[in-house]
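One letter stands for each residue in the lines below.
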Amino acid sequence: MSEHFDVHGGARLVGEVDVVGAKNSVLKLMAAALLAEGTTTITNCPQILDVPLMGDVLRSVGCDVVIDGDTAKITTPAELSHRADSAAMGKLRASVCVLGPLVGRLKQAVVALPGGDAIGSRPLDMHQNGLRKLGATSTIEHGCVVAKAEGLRGAQIWLDFPSVGATENILMAAVLAEGTTVIDNAAREPEIVDICTMLIEMGAKIEGAGTSTLTVEGVEKLNPTEHRVIGDRIVGATWAFAAAMTRGDLTVRGVNPHHLDLVLDKLRLAGAEVETFDEKGFRISQAERPKAVDWVTLPYPGFATDLQPFAVALSAVADGTSMITENIYEARFRFIEEMMRLSGDARTDGHHAVVRGVERLSSAPVWASDIRAGAGLVLAGLCADGVTEVWDVFHIDRGYPHFVENLNRLGARIERVSGEPERA
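These numbers were taken from a predicted model, which means no experiment stands behind them. (Residues numbered from 1 in each chain as written. Predicted model: local features only at pLDDT ≥ 70, side-chain atom pairs only at ≥ 80, totals over all residues. Heavy atoms only, no water.)

## Re the environment of Glu16
- Structurally, the position occupied by Glu16 is in strand E2 (residues 14-18).
- Each C-alpha atom, one on Glu16 and one on Val252, is 5.9 Å from the other, the two residues being 236 residues apart in sequence.
- For Glu16, the contacting residues outside a window of four places in its chain are Thr251, Arg253, Arg409 and Leu410. (Helix = DSSP H or I, 4+ residues; strand = E, 2+ residues; numbered from the N terminus. Contact = heavy atoms within 4.5 Å.)

Printed below as a string of structure tokens:
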């Protein structure tokens, strides 16, 4: 049975909301537990669908995984399977991050090609090329990435693009390689810093976290650890956009506001008042209709592609015309088709979208194509006349714990409804 959200328009969000651990970090941290025999404990885990799915992936290679609330305990045995091809692999993109740890620990891996959000092609070329530089062979066979090495040796690796996934996989293979590995043009996201922090706690030798050059001195073995996941900057930013779009006043806690410096500066340009609290959170309030601003997605510290749907949604109700440029994933603009169902005035041309803001959107049935598009449609529904039906909400559940409950507590009116859509 399908589920959808009935989102009643006209809400103004006011109050406080807590942000839990980052989805884009916790799944990679769980994979890193493969590198050390024993029990690794990860706290501040978000209670989202992807965490138990990653648990299933780890069980498929022999781990014992216990998830209790916001804590995951992963017991990695001395003898692991090198085959990660469970059904869960096809349900989340992050499952490919077991490739690096398996090659690093076992010198071989067979990893099913991952699934995940429909936001465009995300090839594994850089993952494979990095492993080849370390001394492994890597091919695609029968729907799996197959990698094997007699041994791994440190290497100088240049990434054509600062890919988060490739940086993580190469990093996790390199920590147990012989010698020194230098990853140039590495991703700089806070989630990369988080995984480097955990690996260092496990005994890895890594320098340069948060910069474009990572230097890894290989060690013989790592040890299990206990690690707390950083706050989810994408969820934190979602609440920031929600406040601006609904002309609300929200205090967001549990996320480092410096991870959102660019987002908050852009929202200031849109007319919001922003106050930050050290590394603990921020308050954002919007008294008037937001002003139109332009948005360009880029690797961190640029504006995150995950936040592009919220930029489009904000622009759709802003005063003026905005230009949104998407440089990362070509299919992100699928979201605009659904916004047009809500009477959004938008046009796309290649990597660019022009959005002319309207005073009020108009409710309609809409379909989420990925996690952030789904959340963006919910926020748009809060700014529409009538009741907006948002379908395929399982996407939203993959990234936002207690989303409906939090929104209702902050002044929205949203119901989760079971039933089949009229559209085939």
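Having seen it, we continue.
## Looking at the packing of aromatic side chains
- This model, assessed by the stated rule, comprises five aromatic pairs.
- Taking 4.9 Å as the distance between ring centres and 45° as the angle between the ring planes, the aromatic pair formed by Trp295 and Phe303 counts as tilted.
- You can call Trp295 buried: its relative accessible area is 1%.
- By the ring-pair criterion, three or more aromatic residues cluster together here, those being Phe241, Trp295, Phe303 and Phe310.
- Geometry around Trp295 places Lys266 over its ring, the cationic atom sitting 5.8 Å from the centre. (Phe/Tyr/Trp six-rings, centres within 6.5 Å; stacked < 30°, edge-to-face > 60°. Buried < 20%, exposed > 50% of the residue type's maximum accessible area, 1.4 Å probe, protein only. Lys NZ or Arg CZ within 6 Å of the ring centre and 35° of its normal.)

## Some words on unusual backbone geometry
- Between Tyr300 and the following residue, Pro301, the backbone shows a cis peptide bond with an omega angle of 15°.
- Within the fold, Pro301 resides in the loop between strand E18 (295-296) and helix H9 (308-316).
- Within the chain, Asn44 stands out as a residue other than glycine whose phi angle is a positive 60°.
- Summarising the element assignment, Asn44 is placed in the loop between strand E3 (38-43) and helix H2 (50-60).
- We classify Asn44 as buried; its relative accessible area is 8%.
- A positive phi angle, near 55°, is found at His402, a position not held by glycine.
- Within the secondary structure layout, His402 lies in the loop between helix H12 (394-397) and helix H13 (403-409).

## Quick look at the packing of helix H1 (residues 23-32) against helix H5 (residues 164-174)
- With their axes 11 Å apart at the nearest point, H1 and H5 run at an angle of 20° to one another. Judged on the interaxial angle alone, H5 and H1 are roughly parallel. In this structure, the crossing between H1 and H5 has a hand that is right-handed. Every residue of H5 that contacts H1 at Asn24, Lys28 and Ala32 is listed here: Val164, Glu168 and Met172.
- Across the contact of H1 with H5, the residue classes break down as three nonpolar, one polar and two charged. (Axes fitted to C-alpha atoms, helices over the stretch in contact; angles between N-to-C directions. Parallel < 35°, antiparallel > 145°, perpendicular 65-115°, else oblique. Left-handed = near helix turned anticlockwise from the far one by under 90°. Nonpolar A, V, L, I, M, F, W, Y, C, P; charged D, E, K, R; others polar.)

## Overview of the sheet that holds strand E17 (residues 281-285)
- One open sheet holds the four strands; their spatial order is E2-E15-E17-E16, and the pairing between them is mixed. A single partner strand is all that each edge strand has here, and the edge strands are E2 and strand E16 (273-277). Strand-to-strand twist in this sheet, taken as the mean axis angle between neighbours without regard to direction, amounts to 10°.
- In terms of strand pairing, E2 meets strand E15 (residues 249-253) through five bridges, oriented parallel. In the sheet register, Glu16 faces E15, and the bridge partner there is Thr251. (Pairing = 2+ DSSP bridges.)

## Concerning the side chain of His227
- Position of His227 among the secondary structure elements: in strand E14 (residues 226-228).
- You can call His227 buried: its relative accessible area is 4%.
- Engagement of the side chain of His227 in a polar contact is seen with the side chain of Asp194, the distance being 2.8 Å.
- Contacts of His227, omitting those with residues within four sequence positions, involve Leu29, Thr41, Ile42, Thr43, Asp194, Thr197, Met198 and Glu201. (Polar contact = N/O pair within 3.5 Å; in protein donor to acceptor, adjacent residues only side chain to side chain.)

## Quick word on the sheet that holds strand E11 (residues 180-184)
- Pairing in this open sheet of four strands is mixed, and the strands run E10-E11-E13-E12 from one edge to the other. Each edge of the open sheet is held by one strand with a lone partner, namely strand E10 (156-158) and strand E12 (205-207). Adjacent strand axes in the sheet meet at a mean angle of 15° when their direction is disregarded.
- Pairing analysis gives five bridges linking E11 to strand E13 (residues 213-217), with the strands arranged antiparallel. When the sheet's bridge partners are listed, Thr180 is paired in E13 with Glu217.

## Brief notes about the pairing of strand E21 (residues 352-356)
- Going residue by residue along E21, you find Ala353 and Val355 tucked away on one face and His352, Val354 and Arg356 left uncovered on the opposite face.
- Pairing of strand E19 (residues 321-325) with E21 involves five bridges; the strand directions are antiparallel. Each residue of the ladder has a partner; that of Ser322, found in E21, is Val355.
- Strand direction decides the pairing type here: strand E20 (residues 345-349) and E21, joined by five bridges, are antiparallel. Pairing of Thr348 across the sheet is with Ala353, part of E21.
- Here E20 hands over to E21 after two residues, with Gly350 in that stretch at a positive phi of 65°.

## Things to note about the domain arrangement of the protein
- Under the domain assignment used here, the protein contains domain 1 (2-19 + 231-419) and domain 2 (23-225).
- Computed over C-alpha atoms only, the centres of domain 1 and domain 2 are separated by 30 Å.
- Each partner contributes residues to the interface: domain 1 has 26 residues there, and domain 2 has 22 residues.
- Overall, the association of domain 1 and domain 2 removes approximately 2,000 Å² of surface from exposure, summing both partners, and the carbon and sulfur fraction of that is 53%.
- When the buried area of domain 1 at its contact with domain 2 is split by residue, Tyr300, Tyr329 and Arg398 rank highest and sum to 32% of it.
- Seen at the junction of domain 1 and domain 2, the total is two salt bridges. (Domains from an automatic or database assignment. Buried area = accessible area lost by both parts, 1.4 Å probe. Salt bridge = Lys/Arg side-chain N within 4 Å of Asp/Glu carboxyl O.)

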